[in-house]
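In case you want the letters, here they are:
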Amino acid sequence: MSPFSLETCARPNILALQPYRCARDDYKDDGTNVLLDANENAYGPSMARQDAGAASLAGLDPLGLHRYPDPHQRELKQLLCDLRNTHAHTPRDITPDNLFVGVGSDEAIDALLRCFCVPGTDRILTCPPTYGMYSVSAQVNDVAIVKVPLLPAPDFALDVPAVLDALSNEPNIKIAYLCSPGNPTGSLLAKSDVERILAHPTWNGIVVVDEAYIDFAPETASLAELVADYPNLVVMQTLSKAFGMAGIRLGAAFTSAPVARLLNSLKAPYNISSPTSALAAYALGPDGLSVMRANRQRIVAQRERLIRELPLIPGVGRLRGGKESNFLLFEMLNAAGRPDNAVALAVYERLAETKGVVVRFRGKEHGCEGCLRITVGTEDEVTRLLESLRRQLSEVRGEGAPVDGTEAEEKKEQEANSVVA
(Lines give C-alpha, C1' and ligand atoms only; values in the text may rest on other atoms or scores of the structure.)
Protein backbone atom coordinates (compact mmCIF):
# COMPACT_ATOMS: atom_id res chain seq x y z
CA MET A 1 0.00 0.00 0.00
CA SER A 2 1.48 3.32 -1.04
CA PRO A 3 2.00 5.86 1.75
CA PHE A 4 1.12 8.71 -0.63
CA SER A 5 -0.33 11.76 1.07
CA LEU A 6 -1.26 14.76 -1.05
CA GLU A 7 -1.20 17.02 2.00
CA THR A 8 2.49 16.31 2.66
CA CYS A 9 3.62 15.78 -0.94
CA ALA A 10 2.28 18.94 -2.57
CA ARG A 11 3.78 22.34 -1.82
CA PRO A 12 1.92 24.10 1.03
CA ASN A 13 1.41 27.26 -1.02
CA ILE A 14 -0.30 25.25 -3.76
CA LEU A 15 -2.52 23.43 -1.26
CA ALA A 16 -3.59 26.82 0.09
CA LEU A 17 -4.08 28.35 -3.37
CA GLN A 18 -7.44 29.89 -4.15
CA PRO A 19 -7.93 29.50 -7.91
CA TYR A 20 -8.92 32.43 -10.06
CA ARG A 21 -12.67 32.65 -10.44
CA CYS A 22 -14.80 34.59 -12.90
CA ALA A 23 -18.43 35.59 -12.67
CA ARG A 24 -19.36 32.88 -15.17
CA ASP A 25 -18.26 30.24 -12.66
CA ASP A 26 -21.29 31.39 -10.66
CA TYR A 27 -23.66 32.35 -13.47
CA LYS A 28 -23.26 30.09 -16.50
CA ASP A 29 -24.08 31.76 -19.80
CA ASP A 30 -27.08 30.21 -21.58
CA GLY A 31 -26.66 32.37 -24.68
CA THR A 32 -29.20 35.00 -23.61
CA ASN A 33 -27.23 36.84 -20.93
CA VAL A 34 -25.79 40.31 -21.38
CA LEU A 35 -22.15 39.62 -20.61
CA LEU A 36 -20.56 42.69 -19.06
CA ASP A 37 -18.32 40.95 -16.53
CA ALA A 38 -15.02 40.16 -18.31
CA ASN A 39 -14.15 43.39 -20.18
CA GLU A 40 -14.51 41.70 -23.58
CA ASN A 41 -15.17 43.53 -26.85
CA ALA A 42 -18.93 43.29 -27.27
CA TYR A 43 -18.81 44.16 -30.98
CA GLY A 44 -17.01 40.93 -31.84
CA PRO A 45 -13.67 39.83 -33.29
CA SER A 46 -11.69 41.69 -35.93
CA MET A 47 -13.22 39.71 -38.80
CA ALA A 48 -15.49 40.90 -41.59
CA ARG A 49 -18.88 39.20 -41.24
CA GLN A 50 -18.84 38.04 -44.86
CA ASP A 51 -15.63 36.14 -44.10
CA ALA A 52 -16.87 34.53 -40.92
CA GLY A 53 -18.47 31.55 -42.67
CA ALA A 54 -15.27 30.70 -44.52
CA ALA A 55 -13.29 30.98 -41.29
CA SER A 56 -15.50 28.54 -39.40
CA LEU A 57 -13.56 25.44 -38.28
CA ALA A 58 -15.01 22.25 -36.82
CA GLY A 59 -18.27 23.91 -35.81
CA LEU A 60 -16.58 26.89 -34.14
CA ASP A 61 -18.44 30.17 -34.64
CA PRO A 62 -15.72 32.73 -35.44
CA LEU A 63 -18.05 35.48 -34.25
CA GLY A 64 -17.82 33.99 -30.76
CA LEU A 65 -14.07 34.52 -30.55
CA HIS A 66 -14.50 37.80 -28.71
CA ARG A 67 -15.60 35.80 -25.65
CA TYR A 68 -13.14 34.06 -23.34
CA PRO A 69 -13.09 30.26 -23.76
CA ASP A 70 -14.55 27.81 -21.29
CA PRO A 71 -12.08 27.61 -18.38
CA HIS A 72 -13.20 24.09 -17.38
CA GLN A 73 -13.56 22.21 -20.70
CA ARG A 74 -15.72 19.48 -19.20
CA GLU A 75 -17.22 18.42 -22.54
CA LEU A 76 -13.75 17.99 -24.03
CA LYS A 77 -12.58 16.13 -20.92
CA GLN A 78 -15.53 13.76 -21.20
CA LEU A 79 -14.53 12.87 -24.77
CA LEU A 80 -11.03 12.05 -23.54
CA CYS A 81 -12.51 9.87 -20.78
CA ASP A 82 -14.76 8.08 -23.28
CA LEU A 83 -11.67 7.23 -25.33
CA ARG A 84 -9.70 5.84 -22.38
CA ASN A 85 -12.40 4.08 -20.36
CA THR A 86 -11.60 0.71 -21.91
CA HIS A 87 -11.89 -1.27 -18.65
CA ALA A 88 -8.82 -3.21 -19.73
CA HIS A 89 -7.13 -2.46 -16.40
CA THR A 90 -9.89 -1.54 -13.95
CA PRO A 91 -13.69 -1.74 -13.82
CA ARG A 92 -13.81 1.82 -12.51
CA ASP A 93 -14.52 4.80 -14.76
CA ILE A 94 -12.54 8.01 -14.98
CA THR A 95 -14.52 11.26 -15.29
CA PRO A 96 -13.76 14.90 -16.16
CA ASP A 97 -12.84 15.34 -12.50
CA ASN A 98 -9.78 13.18 -13.24
CA LEU A 99 -8.43 15.49 -15.93
CA PHE A 100 -6.20 18.48 -16.46
CA VAL A 101 -5.93 19.78 -20.04
CA GLY A 102 -3.15 22.08 -21.11
CA VAL A 103 -1.04 23.47 -23.90
CA GLY A 104 0.50 20.19 -25.01
CA SER A 105 1.99 17.73 -22.53
CA ASP A 106 4.64 20.34 -21.76
CA GLU A 107 2.21 22.43 -19.69
CA ALA A 108 1.39 19.38 -17.56
CA ILE A 109 5.10 18.58 -17.10
CA ASP A 110 5.73 22.09 -15.84
CA ALA A 111 2.54 22.28 -13.76
CA LEU A 112 3.46 19.10 -11.89
CA LEU A 113 6.88 20.53 -11.03
CA ARG A 114 5.34 23.74 -9.74
CA CYS A 115 2.73 21.81 -7.79
CA PHE A 116 5.00 19.34 -5.99
CA CYS A 117 8.64 20.50 -6.10
CA VAL A 118 10.06 23.25 -3.89
CA PRO A 119 12.70 25.06 -5.98
CA GLY A 120 16.23 24.47 -4.80
CA THR A 121 15.16 21.65 -2.48
CA ASP A 122 13.11 18.93 -4.15
CA ARG A 123 14.18 16.68 -7.02
CA ILE A 124 12.70 14.53 -9.77
CA LEU A 125 13.71 11.12 -11.09
CA THR A 126 14.10 10.38 -14.80
CA CYS A 127 15.14 7.25 -16.69
CA PRO A 128 17.39 8.11 -19.64
CA PRO A 129 17.29 7.93 -22.54
CA THR A 130 14.07 9.90 -22.32
CA TYR A 131 12.17 13.00 -23.41
CA GLY A 132 14.27 16.14 -22.98
CA MET A 133 11.57 18.47 -21.64
CA TYR A 134 11.61 16.83 -18.20
CA SER A 135 15.11 18.14 -17.60
CA VAL A 136 14.43 21.49 -19.28
CA SER A 137 11.38 22.14 -17.11
CA ALA A 138 13.25 20.96 -14.03
CA GLN A 139 16.08 23.40 -14.71
CA VAL A 140 13.64 26.26 -15.30
CA ASN A 141 12.02 25.49 -11.93
CA ASP A 142 15.38 25.05 -10.12
CA VAL A 143 14.70 21.37 -9.47
CA ALA A 144 17.55 18.86 -9.52
CA ILE A 145 17.39 15.47 -11.27
CA VAL A 146 18.24 11.94 -10.15
CA LYS A 147 18.88 9.74 -13.20
CA VAL A 148 18.31 5.99 -13.20
CA PRO A 149 19.07 4.69 -16.71
CA LEU A 150 16.81 2.22 -18.44
CA LEU A 151 18.08 -1.31 -18.89
CA PRO A 152 20.15 -1.83 -22.07
CA ALA A 153 18.71 -2.03 -25.56
CA PRO A 154 16.86 -3.51 -27.22
CA ASP A 155 14.27 -3.69 -24.43
CA PHE A 156 15.01 -0.37 -22.69
CA ALA A 157 12.90 -1.60 -19.76
CA LEU A 158 12.72 0.06 -16.36
CA ASP A 159 15.46 -0.95 -13.94
CA VAL A 160 12.87 -1.37 -11.20
CA PRO A 161 15.25 -2.36 -8.36
CA ALA A 162 17.43 0.67 -9.10
CA VAL A 163 14.41 2.99 -9.27
CA LEU A 164 13.04 1.65 -5.98
CA ASP A 165 16.45 2.02 -4.38
CA ALA A 166 16.71 5.64 -5.51
CA LEU A 167 13.24 6.44 -4.22
CA SER A 168 14.18 4.85 -0.88
CA ASN A 169 17.59 6.42 -0.38
CA GLU A 170 17.82 9.62 -2.42
CA PRO A 171 16.30 12.52 -0.46
CA ASN A 172 13.54 14.84 -1.63
CA ILE A 173 12.46 13.07 -4.83
CA LYS A 174 8.89 14.19 -5.43
CA ILE A 175 8.17 13.05 -9.01
CA ALA A 176 9.28 10.11 -11.16
CA TYR A 177 8.86 10.84 -14.89
CA LEU A 178 8.52 7.66 -16.97
CA CYS A 179 7.99 7.61 -20.74
CA SER A 180 5.93 4.83 -22.37
CA PRO A 181 6.38 4.27 -25.27
CA GLY A 182 9.77 5.79 -24.66
CA ASN A 183 11.23 8.67 -26.61
CA PRO A 184 13.66 7.96 -28.28
CA THR A 185 13.40 4.23 -27.50
CA GLY A 186 9.93 3.42 -28.84
CA SER A 187 9.61 0.78 -26.11
CA LEU A 188 6.47 0.24 -24.06
CA LEU A 189 7.07 0.01 -20.31
CA ALA A 190 5.64 -3.05 -18.57
CA LYS A 191 2.50 -2.32 -16.56
CA SER A 192 3.78 -4.56 -13.77
CA ASP A 193 6.97 -2.48 -13.49
CA VAL A 194 4.99 0.76 -13.20
CA GLU A 195 2.76 -0.80 -10.56
CA ARG A 196 5.78 -1.94 -8.54
CA ILE A 197 6.98 1.65 -8.40
CA LEU A 198 3.50 2.88 -7.49
CA ALA A 199 3.47 0.36 -4.64
CA HIS A 200 6.73 1.60 -3.07
CA PRO A 201 6.18 1.11 0.67
CA THR A 202 7.78 4.33 1.92
CA TRP A 203 8.08 6.87 -0.89
CA ASN A 204 5.60 9.77 -0.85
CA GLY A 205 5.62 11.03 -4.42
CA ILE A 206 4.00 11.18 -7.85
CA VAL A 207 4.57 8.68 -10.68
CA VAL A 208 4.09 10.27 -14.11
CA VAL A 209 3.71 8.04 -17.17
CA ASP A 210 4.07 10.01 -20.40
CA GLU A 211 1.99 8.26 -23.08
CA ALA A 212 2.44 10.71 -25.95
CA TYR A 213 2.79 7.82 -28.45
CA ILE A 214 0.35 5.40 -26.86
CA ASP A 215 -2.02 5.22 -29.82
CA PHE A 216 0.67 3.50 -31.89
CA ALA A 217 0.87 0.72 -29.28
CA PRO A 218 -1.69 -2.09 -28.82
CA GLU A 219 -5.26 -0.93 -28.20
CA THR A 220 -5.32 -1.66 -24.46
CA ALA A 221 -1.82 -0.39 -23.68
CA SER A 222 -2.82 2.94 -22.14
CA LEU A 223 -2.76 3.03 -18.34
CA ALA A 224 -4.87 6.20 -18.18
CA GLU A 225 -7.84 4.58 -16.48
CA LEU A 226 -5.58 3.26 -13.70
CA VAL A 227 -5.60 6.73 -12.16
CA ALA A 228 -8.95 5.67 -10.70
CA ASP A 229 -7.06 3.08 -8.62
CA TYR A 230 -3.81 4.89 -7.75
CA PRO A 231 -3.94 8.30 -6.01
CA ASN A 232 -0.37 9.21 -7.00
CA LEU A 233 -0.45 8.21 -10.69
CA VAL A 234 -0.49 10.79 -13.50
CA VAL A 235 -0.81 9.66 -17.14
CA MET A 236 -0.04 12.31 -19.75
CA GLN A 237 -1.26 12.19 -23.34
CA THR A 238 -1.42 14.50 -26.35
CA LEU A 239 -3.27 14.99 -29.62
CA SER A 240 0.00 15.90 -31.36
CA LYS A 241 1.04 12.42 -32.48
CA ALA A 242 -1.50 9.80 -33.61
CA PHE A 243 -4.22 12.42 -33.97
CA GLY A 244 -2.01 14.62 -36.15
CA MET A 245 -3.05 17.78 -34.28
CA ALA A 246 0.34 19.11 -33.20
CA GLY A 247 -0.60 22.62 -34.33
CA ILE A 248 -3.43 23.04 -31.81
CA ARG A 249 -1.21 22.18 -28.78
CA LEU A 250 -3.62 20.08 -26.72
CA GLY A 251 -2.35 17.80 -23.98
CA ALA A 252 -4.06 16.01 -21.11
CA ALA A 253 -3.07 14.68 -17.71
CA PHE A 254 -5.25 11.93 -16.25
CA THR A 255 -4.91 11.66 -12.48
CA SER A 256 -6.80 11.32 -9.24
CA ALA A 257 -9.47 13.96 -8.62
CA PRO A 258 -7.55 15.64 -5.75
CA VAL A 259 -4.38 16.00 -7.82
CA ALA A 260 -6.42 17.21 -10.81
CA ARG A 261 -8.01 19.89 -8.61
CA LEU A 262 -4.58 21.20 -7.65
CA LEU A 263 -3.36 21.27 -11.26
CA ASN A 264 -6.52 23.05 -12.37
CA SER A 265 -6.18 25.54 -9.52
CA LEU A 266 -2.72 26.71 -10.56
CA LYS A 267 -3.26 26.88 -14.33
CA ALA A 268 -4.00 30.09 -16.23
CA PRO A 269 -7.77 30.71 -16.23
CA TYR A 270 -8.33 30.26 -19.98
CA ASN A 271 -5.39 28.09 -21.04
CA ILE A 272 -7.28 26.21 -23.79
CA SER A 273 -8.40 28.44 -26.65
CA SER A 274 -11.80 28.09 -28.26
CA PRO A 275 -10.34 27.00 -31.65
CA THR A 276 -8.19 24.38 -29.90
CA SER A 277 -11.17 23.07 -27.94
CA ALA A 278 -13.40 22.87 -31.00
CA LEU A 279 -10.79 21.14 -33.16
CA ALA A 280 -9.90 18.71 -30.37
CA ALA A 281 -13.58 17.85 -29.85
CA TYR A 282 -13.90 17.10 -33.56
CA ALA A 283 -10.77 14.92 -33.51
CA LEU A 284 -12.17 12.95 -30.56
CA GLY A 285 -15.60 12.56 -32.17
CA PRO A 286 -16.68 9.67 -34.43
CA ASP A 287 -15.45 11.20 -37.70
CA GLY A 288 -12.14 12.34 -36.26
CA LEU A 289 -11.47 8.97 -34.61
CA SER A 290 -12.20 7.22 -37.89
CA VAL A 291 -9.64 9.38 -39.71
CA MET A 292 -7.08 8.92 -36.93
CA ARG A 293 -7.41 5.14 -37.05
CA ALA A 294 -7.11 5.06 -40.84
CA ASN A 295 -4.00 7.24 -40.74
CA ARG A 296 -2.56 5.13 -37.94
CA GLN A 297 -2.99 2.03 -40.09
CA ARG A 298 -1.03 3.72 -42.88
CA ILE A 299 1.72 4.71 -40.46
CA VAL A 300 1.94 1.19 -39.04
CA ALA A 301 2.24 -0.21 -42.58
CA GLN A 302 5.13 2.15 -43.33
CA ARG A 303 6.68 1.34 -39.95
CA GLU A 304 6.68 -2.35 -40.88
CA ARG A 305 8.19 -1.45 -44.25
CA LEU A 306 11.03 0.41 -42.55
CA ILE A 307 11.64 -2.51 -40.20
CA ARG A 308 11.95 -4.79 -43.25
CA GLU A 309 13.94 -2.55 -45.57
CA LEU A 310 16.27 -0.50 -43.39
CA PRO A 311 18.41 -3.53 -42.40
CA LEU A 312 18.92 -4.29 -46.10
CA ILE A 313 20.91 -1.07 -46.52
CA PRO A 314 24.65 -1.62 -46.03
CA GLY A 315 25.73 0.28 -42.94
CA VAL A 316 22.38 0.16 -41.13
CA GLY A 317 22.70 -1.81 -37.92
CA ARG A 318 20.25 -3.09 -35.37
CA LEU A 319 16.88 -1.73 -34.36
CA ARG A 320 17.51 -0.46 -30.85
CA GLY A 321 14.25 -0.24 -28.97
CA GLY A 322 10.63 -1.03 -29.59
CA LYS A 323 8.10 -0.84 -32.39
CA GLU A 324 5.24 0.77 -30.45
CA SER A 325 5.53 4.33 -31.72
CA ASN A 326 5.64 6.30 -34.97
CA PHE A 327 9.44 6.29 -35.04
CA LEU A 328 12.29 3.78 -35.00
CA LEU A 329 15.77 3.95 -33.47
CA PHE A 330 18.41 2.39 -35.73
CA GLU A 331 22.18 2.11 -35.51
CA MET A 332 24.48 3.52 -38.19
CA LEU A 333 27.64 1.41 -38.59
CA ASN A 334 31.17 2.29 -39.58
CA ALA A 335 33.20 0.29 -42.08
CA ALA A 336 34.22 -2.11 -39.30
CA GLY A 337 30.55 -2.88 -38.59
CA ARG A 338 30.34 -1.07 -35.24
CA PRO A 339 27.81 1.62 -34.18
CA ASP A 340 29.54 4.94 -34.72
CA ASN A 341 28.47 8.42 -33.63
CA ALA A 342 30.69 10.08 -36.23
CA VAL A 343 29.00 8.10 -39.00
CA ALA A 344 25.51 8.70 -37.61
CA LEU A 345 26.12 12.44 -37.20
CA ALA A 346 27.57 12.76 -40.70
CA VAL A 347 24.64 10.87 -42.23
CA TYR A 348 22.17 12.99 -40.24
CA GLU A 349 23.77 16.22 -41.48
CA ARG A 350 24.12 15.08 -45.09
CA LEU A 351 20.56 13.79 -45.28
CA ALA A 352 19.27 17.21 -44.23
CA GLU A 353 21.69 19.39 -46.12
CA THR A 354 21.90 17.54 -49.45
CA LYS A 355 18.68 15.53 -49.63
CA GLY A 356 16.22 17.60 -47.58
CA VAL A 357 15.44 14.61 -45.37
CA VAL A 358 15.48 15.51 -41.68
CA VAL A 359 15.78 12.82 -38.99
CA ARG A 360 17.21 13.08 -35.45
CA PHE A 361 20.71 12.22 -34.27
CA ARG A 362 20.42 10.50 -30.89
CA GLY A 363 23.92 9.06 -30.47
CA LYS A 364 24.79 11.13 -27.40
CA GLU A 365 21.94 9.74 -25.31
CA HIS A 366 22.43 6.87 -22.89
CA GLY A 367 22.52 3.52 -24.69
CA CYS A 368 22.01 5.05 -28.13
CA GLU A 369 25.52 5.13 -29.60
CA GLY A 370 25.49 5.58 -33.35
CA CYS A 371 21.70 5.89 -33.48
CA LEU A 372 19.33 7.90 -35.62
CA ARG A 373 15.70 8.28 -34.65
CA ILE A 374 13.59 8.10 -37.79
CA THR A 375 9.96 9.20 -37.83
CA VAL A 376 7.62 7.10 -39.96
CA GLY A 377 6.36 9.24 -42.82
CA THR A 378 4.10 8.74 -45.82
CA GLU A 379 4.87 6.08 -48.42
CA ASP A 380 6.60 8.64 -50.66
CA GLU A 381 8.56 10.08 -47.74
CA VAL A 382 9.73 6.65 -46.65
CA THR A 383 10.81 5.86 -50.22
CA ARG A 384 12.81 9.09 -50.36
CA LEU A 385 14.38 8.36 -46.98
CA LEU A 386 15.45 4.84 -47.97
CA GLU A 387 16.98 5.99 -51.24
CA SER A 388 18.77 8.94 -49.64
CA LEU A 389 20.02 6.94 -46.67
CA ARG A 390 21.50 4.23 -48.88
CA ARG A 391 23.50 6.79 -50.84
CA GLN A 392 24.64 8.89 -47.86
CA LEU A 393 25.69 5.90 -45.77
CA SER A 394 27.72 4.48 -48.62
CA GLU A 395 29.53 7.77 -49.16
CA VAL A 396 30.14 8.43 -45.45
CA ARG A 397 31.55 4.90 -45.03
CA GLY A 398 33.94 5.49 -47.92
CA GLU A 399 32.31 3.00 -50.26
CA GLY A 400 31.42 5.48 -52.98
CA ALA A 401 27.96 6.17 -54.32
CA PRO A 402 25.81 3.05 -54.60
CA VAL A 403 24.73 1.96 -58.04
CA ASP A 404 20.97 2.04 -58.49
CA GLY A 405 19.02 0.04 -61.08
CA THR A 406 19.28 2.56 -63.92
CA GLU A 407 22.98 3.19 -63.34
CA ALA A 408 23.63 -0.56 -63.25
CA GLU A 409 22.01 -1.07 -66.65
CA GLU A 410 24.00 1.82 -68.12
CA LYS A 411 27.21 0.41 -66.67
CA LYS A 412 26.51 -3.04 -68.16
CA GLU A 413 25.81 -1.49 -71.56
CA GLN A 414 29.06 0.51 -71.40
CA GLU A 415 31.02 -2.61 -70.48
CA ALA A 416 29.42 -4.56 -73.33
CA ASN A 417 30.24 -1.82 -75.84
CA SER A 418 33.79 -1.72 -74.51
CA VAL A 419 34.18 -5.49 -75.08
CA VAL A 420 32.81 -5.19 -78.62
CA ALA A 421 35.15 -2.31 -79.38
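Definitions and cut-offs
- Residues numbered from 1 in each chain as written.
- Predicted model: local features only at pLDDT ≥ 70, side-chain atom pairs only at ≥ 80, totals over all residues.
- Heavy atoms only, no water.
- UniProt positions renumbered as here; feature names shortened; annotations may be inferred.
- Salt bridge = Lys/Arg side-chain N within 4 Å of Asp/Glu carboxyl O.
- Helix = DSSP H or I, 4+ residues; strand = E, 2+ residues; numbered from the N terminus.
- Phe/Tyr/Trp six-rings, centres within 6.5 Å; stacked < 30°, edge-to-face > 60°.
- Buried < 20%, exposed > 50% of the residue type's maximum accessible area, 1.4 Å probe, protein only.
- Core = buried A, V, L, I, M, F, W, Y, C linked by side-chain atoms within 4.5 Å.
- Contact = heavy atoms within 4.5 Å.
- Pairing = 2+ DSSP bridges.
- Axes fitted to C-alpha atoms, helices over the stretch in contact; angles between N-to-C directions.
- 1 Å grid on protein atoms, 1.4 Å probe; cavity = no way out; pocket = protein on both sides within 12 Å on 5 of 7 lines; lining within 4 Å.
- Points joined across faces, edges and corners; volume = space filled by probe spheres on them.
- Nonpolar A, V, L, I, M, F, W, Y, C, P; charged D, E, K, R; others polar.

- As recorded by an unreviewed UniProt entry, the protein chain carries the name histidinol-phosphate transaminase and is attributed to Purpureocillium lavendulum.
- Among the UniProt annotations of the protein chain, the heading Catalytic activity (unreviewed entry) holds the following wording: "L-histidinol phosphate + 2-oxoglutarate = 3-(imidazol-4-yl)-2-oxopropyl phosphate + L-glutamate".

1. Details of the pattern of salt bridges
Right, so step 1: Under the counting rule described, the total for this entry stands at 14 salt bridges.
Right, so step 2: Close ionic contact of R350 with E395 constitutes a salt bridge, the shortest N to O distance being 2.4 Å. Here the residue R350 occupies a position in helix α13 (residues 341-355), and E395 occupies one in helix α14 (residues 379-396), the gap between them amounting to 45 residues.

2. What about the environment of V34?
Right, so step 1: Within the secondary structure, V34 is located in the loop between α3 (23-26) and α4 (49-55).
Right, so step 2: For the pair formed by V34 and S192, sequence separation is 158 residues and the distance between their alpha carbons is 54 Å.

3. So, the packing of aromatic side chains
The description of two aromatic rings rests on the distance between their centres and on the angle between their planes.
Right, so step 1: Throughout the structure, instances matching the rule amount to four aromatic pairs.
Right, so step 2: For the pair Y134 and Y177, a centre-to-centre distance of 4.9 Å together with 15° between the ring planes defines the contact as stacked. Taken as a pair, Y134 in helix α7 (residues 133-140) and Y177 in strand β4 (residues 173-179) lie far apart in primary sequence, 43 residues in all. Across this residue pair, the class does not change: Y134 and Y177 are buried.
Right, so step 3: Note on Y213 and F327: the rings are 5.0 Å apart at their centroids and 80° apart in plane angle, and the pair reads as edge-to-face. Residue Y213 is located in the loop between β5 (206-210) and β6 (233-238), and its partner F327 is located in strand β9 (residues 327-332); the two are separated by 114 residues in the primary sequence. Like Y213, the residue F327 is buried in the burial classification.
Right, so step 4: Joined through ring pairs, the aromatic side chains of Y131, Y134 and Y177 make up one cluster.

4. Describing the nonpolar core
Right, so step 1: Counting residues in each nonpolar core, the largest one holds 82 residues, and the members touching the most others are L125, L158, F243, F254, L310, M332 and L389.
Right, so step 2: In contact with L125, not counting residues within four places along its chain, are V146, V148, V163, A166, L167, I173, I175, A176 and Y177.
Right, so step 3: Among the nonpolar cores identified, the runner-up in size contains 30 residues, and C117, A138, Y177 and V208 belong to it.

5. Some words on unusual backbone geometry
Right, so step 1: Between A153 and P154 the backbone carries a cis peptide bond, its omega angle lying at 10°.
Right, so step 2: One can find P154 in the loop between β3 (144-147) and α8 (160-169).
Right, so step 3: Look at the link from N183 to P184: it is a cis peptide, with omega at 25°.
Right, so step 4: Here P184 lies in the loop between β4 and α9 (191-198).
Right, so step 5: Unlike most non-glycine residues, D142 shows phi in positive territory, near 60°.
Right, so step 6: Following the sequence through the fold, D142 ends up in the loop between α7 and β3.
Right, so step 7: Even without being a glycine, R249 presents a positive backbone phi close to 55°.

6. Overview of the sheet that holds strand β2 (residues 123-126)
Right, so step 1: Here seven strands make up an open sheet; going across it, the order is β1-β7-β6-β5-β4-β2-β3 and the pairing mixed. If you trace the sheet from one side to the other, it starts and ends with β1 (99-102) and β3, each paired once. For this sheet, the mean inter-axis angle between neighbouring strands, taken without regard to orientation, is 25°.
Right, so step 2: As judged from the five bridges shared by β6 and strand β7 (residues 251-255), these two strands associate in the antiparallel manner.

7. Concerning helix α11 (residues 274-284)
Right, so step 1: Along α11, the positions that sit buried rather than exposed are S274, T276, S277, A278, A280, A283 and L284.
Right, so step 2: The elements touched by buried residues of α11 are α5 (74-84) and α12 (286-309).

8. Digging into empty space enclosed by the protein
Right, so step 1: For the structure shown, the criterion picks out two cavities of 30 Å³ or more.
Right, so step 2: When its volume is computed, the largest cavity comes out at roughly 60 Å³.
Right, so step 3: In terms of lining, the largest cavity is formed by C127, P129, T130, L150, L158, Y177, L178, C179, G182, N183 and L189.
Right, so step 4: Broken down by class, the residue content of the lining of the largest cavity amounts to eight nonpolar, three polar and no charged.
Right, so step 5: Roughly 50 Å³ of volume is contained in the second largest cavity.
Right, so step 6: Mapped onto the lining of the second largest cavity, the elements with two or more residues apiece are α5, β6 and β7.
Right, so step 7: For the lining of the second largest cavity, the element with the highest residue contribution is α5, accounting for three residues.

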